[in-house]
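Summary of the model geometry
So the chains spell out like this:
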Amino acid sequence: GASDPLDATWWHLVTERMEGNSSLTFNTYQGKSSAMTAPCTGECIPAKIRCIRSGSVPLANKNCPKGYGSVQ
């Protein structure tokens, strides 16, 4: 709900919804609709979800496929 904390559970639920609806990947918002931001399709979708699920920079560096941690 609107007052739920943005904790690991909340983010996990968000990524589960992303898995079921690829249009929810946040490339547009993360990149602020920049012309430099390529569409997130194909292998990008699960890669972005893995990056989000990492939850921290050290874990993202270990678990996030290269090139998907940022939109630019």
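A brief structural summary. (Residues numbered from 1 in each chain as written. Predicted model: local features only at pLDDT ≥ 70, side-chain atom pairs only at ≥ 80, totals over all residues. Heavy atoms only, no water.)

Digging into the overall build of the protein
We apply this condition: Strands are runs of DSSP state E lasting at least 2 residues, helices are runs of H or I lasting at least 4, and numbering of each runs from the N terminus. Exposed residues in this analysis have more than 50% of their type's maximum accessible area, buried residues have under 20%, and partly exposed residues fall in between, with area computed by a 1.4 Å probe over protein chains only. Should any heavy atoms of two residues lie within 4.5 Å, those residues are considered in contact. Calculation of accessible area relied on Shrake-Rupley with a 1.4 Å probe; when residues are assessed, cover is drawn exclusively from the protein chains displayed.
When its secondary structure is counted, the protein shows four helices and zero strands. Sequence-ordered secondary structure for the protein, helices as α and strands as β, is α-α-α-α. Looking at the 72 residues of the protein, the share that counts as buried comes to 25%. Counting only contacts in the protein whose residues sit at least 6 apart along the sequence, the fraction spanning at least 24 positions is 44%. For the protein, the exposed surface amounts to about 5,300 Å²; the carbon and sulfur share of it is 58%.

Overview of the state of the cysteines
Note the cut-off: Cysteine sulfur atoms that pair up within 2.5 Å are treated as a disulfide.
Counting across every chain of the model gives one disulfide. With its sulfur 1.6 Å from that of its partner, C51 forms a disulfide with C64. Between C51 and C64 the disulfide shows an S-S torsion of about 50 degrees. By sign, it is right-handed. Here C51, found in helix α3 (residues 44–54), pairs with C64, found in the segment after α4 (57–63); they are 13 residues apart in sequence, far enough to count as distant.

Quick look at the environment of C51
Residue class for C51 comes out buried when judged on its relative accessible area of 13%. Spatially, the C-alpha atom of C51 lies 7.0 Å from that of N63, the residues being twelve residues apart in sequence.

What to know about the packing of aromatic side chains
Condition: Paired rings are identified among Phe, Tyr and Trp, the last through its six-membered ring, by centres lying within 6.5 Å, and are further divided according to the angle between planes into stacked (under 30 degrees), edge-to-face (over 60) and tilted (the rest).
For the coordinates displayed, the defined rule picks out one aromatic pair. Geometrically, the ring pair formed by W10 and W11 is edge-to-face, given 4.7 Å between the ring centres and 85 degrees between the ring planes.

Re the pattern of salt bridges
For clarity, the threshold we go by: For salt bridges, the criterion is a side-chain nitrogen of Lys or Arg within 4 Å of an Asp or Glu carboxyl oxygen.
Considering all chains together, one arrives at one salt bridge under this definition. A salt bridge links R53 to E19, with the nearest nitrogen and oxygen atoms 3.2 Å apart. Here R53, found in helix α3, pairs with E19, found in helix α1 (residues 8–20); they are 34 residues apart in sequence, far enough to count as distant. In this structure E19 comes out as exposed when scored by relative accessible area, which is 51%.

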